[in-house]
Amino acid sequence: HHQKEVMVDLSCGAAILRGAHIFAPGVLGATAGVQAGDQVSVYVDVEGKCLRGFIKPYAGPKVFVGNGVARMNRDDIFSVAQEQLSGIGVEMTSPLYDCPPLNDVMSDSIFLQNLPSTLTGHVLNPQPGERVLDMCAAPGGKTTHLATLMRNQGTIAALDKSQGRVDKVIANAKRHGLTCIQAYAFDGRKAASEAAVCSKDETLLGAPPYPPDTFHRVLVDAPCSGLGQRPALGNKMTLKALKAYPSYQRKLFPAAVQVLKTGGTLVYSTCTLTLAENEGQVEWLLNTFPCLELVPQTPYLGGPGLPGTSLTQAQLQMVQRFEPWGGHMAGDTHPADRDTIGFFIAKFVKKAR
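Peer 1: Honestly, the pairing of strand S5 (residues 62-70) in this entry has me stumped. Any pointers?
Peer 2: Every other side chain in a regular strand lies on the same face of the sheet, so the side chains alternate between the two faces. Buried residues dominate S5, accounting for seven of its nine residues. As defined by bridge partners, strand S4 (residues 39-45) adjoins S5 across seven bridges and the pair is classed as antiparallel. Across the sheet, residue Val 44 finds its bridge partner in S5, namely Val 63. Inspection of the sheet shows S5 paired to strand S6 (residues 88-95) by five bridges, in the antiparallel sense.

Here's what the structure looks like:
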């Protein structure tokens, strides 16, 4: 470790672990005398108590994330308002993990995703010419993947409550030249309506809400507590907030099931680890919607579900659970489950009533 130190916040620290350099606005503090060209050690303030401009070695709880070279003088960083700063403040030369920065690399050709996120699209398995609903689509990683699997043929309705987030879906679709995606700022919980009318032309879907039996496939990549995300250096979520997710997630399913065609496929996924948001939701879905049948998944790279619900061993083998601490204790999982984000996937087929 070097004598001269630079402090950053949790989000910047996570970006460093993903291969990023430190942009000047991300520098929270730096020891006295740091000049451009100096070797520095970079630490993350895990409690958020380091004040901007801190000049002494920070004595609070901190985590080392690597070494780098200062590209700006300390005085230049802290002599102006944070919003006026631009450019790289520290170039990471020896990060803790050797992950290359991939921002804006072939951005019109590739979309960087974690393995389980990519797997979700293959499990849904949309076909060219079908109608697909992505109920919680932003920022559009899974949406654009579904569109490529469909060879840009058919229609994907991509919903999100926030117009700003929907704009990201639209931008990503445009960047990849995907014209089959129709994105709308709309609450997925209200996506179904008996009074709605849909064109018989598969390519003319229009804005939500949609009538029953509209879609061949529905993806519910639900808002979740995100406890499986990596890298993660800390979490400030309250217990109350954590417990609120299952009830919100359940409000998405009445519309999802209603707009799905008989024989159609529904995939539920989260990037979290809790039983209540994963296996607990599968149990609730099967009890609440008798028309849904839990089915095996292809490809299967994760591990089985956790005990603690009424799901049978056979049903637990049908879901996929990825665990960020290196896979399941049983050791019967694919090597892909040994170093990825925490994630959960369940697949259902809608039977005739």
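Peer 1: Could you clarify how one ought to interpret the nonpolar core in this entry?
Peer 2: It is characteristic of soluble globular proteins that their nonpolar side chains tend to be buried jointly. Met 135, Val 218, Val 220, Val 282 and Phe 348 are the most contacted members of the largest nonpolar core, which has 34 residues in total. At the level of secondary structure, the elements contributing two or more residues to this core comprise strand S8 (155-160), strand S10 (215-221), helix H7 (253-259), strand S11 (260-270), helix H8 (279-288), strand S12 (292-294) and strand S14 (343-350). Contacts of Met 135, omitting those with residues within four sequence positions, involve Leu 159, Asp 160, Gly 188, Arg 189, Ala 191, Val 218, Leu 219, Val 220, Leu 252, Ala 255 and Ala 256.

Peer 1: Even after reading the chapter, I still don't get the pattern of salt bridges, so can you show me in this structure?
Peer 2: Between side chains of opposite charge, a pair can form when the charged atoms approach closely. Under the definition given, this model contains eleven salt bridges. Across the pair Asp 38 and Lys 4 runs a salt bridge, and its minimum N-O distance is 2.7 Å. Of this pair, Asp 38 sits in the loop between strand S3 (27-30) and S4 while Lys 4 sits in the segment before strand S1 (5-8), and the two are 34 residues apart along the sequence. Under the relative-accessibility criterion, Asp 38 is labelled buried at 18%. Residue Lys 4 is classed as partly exposed on the basis of its relative accessible area, which comes to 28%. For Glu 279, the salt bridge is made with Arg 321, and the minimal N-O distance between the two is 2.7 Å. Here Glu 279 is found in helix H8, whereas its partner Arg 321 is found in strand S13 (residues 320-322), with 42 residues between them in sequence. Comparing Glu 279 with Arg 321 shows no difference in burial state: the two are buried. One continuous salt-bridge network, built from bridges that share partners, spans Glu 279, Arg 321 and Glu 323.

Peer 1: Would you mind showing me how to read the environment of Gln 84 here?
Peer 2: On the secondary structure map, Gln 84 appears in the loop between helix H2 (74-78) and S6. Sequence separation between Gln 84 and Ala 24 is 60 residues; the distance between their C-alpha atoms is 9.7 Å.

Peer 1: Can you help me understand the side chain of Thr 214 in this one?
Peer 2: Within the secondary structure layout, Thr 214 lies in the loop between strand S9 (181-185) and S10. On the basis of relative accessible area, Thr 214 is assigned to the buried category, the value being 3%. Within the structure, Thr 214 has its side chain in polar contact with the backbone oxygen of Pro 211 (distance 2.5 Å).

Peer 1: I tried to follow the packing of helix H6 (residues 239-250) against H8 on my own but got confused; where do I start?
Peer 2: Orientation of H6 relative to H8, taken along the N-to-C sense of each, is 35°, at an axis distance of 11 Å. As for the relative orientation of H6 and H8, their crossing is right-handed in sense. When H6 is examined against H8, the residues Pro 246, Gln 249 and Arg 250 are found in contact with a partner set consisting of Gly 280, Gln 281 and Trp 284. Partitioning the contact of H6 with H8 into residue classes produces two nonpolar, three polar and one charged.

Peer 1: I would appreciate a short explanation of helix H1 (residues 10-17) in the present structure.
Peer 2: Because the α-helix completes a turn every 3.6 residues, residues three or four places apart line up on one side. Most of H1 sits inside the fold, with six of its eight residues counted as buried. Of all the residues in H1, the buried ones are Leu 10, Cys 12, Gly 13, Ala 14, Ile 16 and Leu 17. Where H1 is buried, its residues touch S1, strand S2 (22-23), S4, S5 and S6. Gly 19 occupies a position one or two residues after H1 and carries a positive phi of about 110°.

Cut-off values and rules
Residues numbered from 1 in each chain as written. Predicted model: local features only at pLDDT ≥ 70, side-chain atom pairs only at ≥ 80, totals over all residues. Heavy atoms only, no water. Buried < 20%, exposed > 50% of the residue type's maximum accessible area, 1.4 Å probe, protein only. Helix = DSSP H or I, 4+ residues; strand = E, 2+ residues; numbered from the N terminus. Pairing = 2+ DSSP bridges. Core = buried A, V, L, I, M, F, W, Y, C linked by side-chain atoms within 4.5 Å. Contact = heavy atoms within 4.5 Å. Salt bridge = Lys/Arg side-chain N within 4 Å of Asp/Glu carboxyl O. Polar contact = N/O pair within 3.5 Å; in protein donor to acceptor, adjacent residues only side chain to side chain. Axes fitted to C-alpha atoms, helices over the stretch in contact; angles between N-to-C directions. Left-handed = near helix turned anticlockwise from the far one by under 90°. Nonpolar A, V, L, I, M, F, W, Y, C, P; charged D, E, K, R; others polar.

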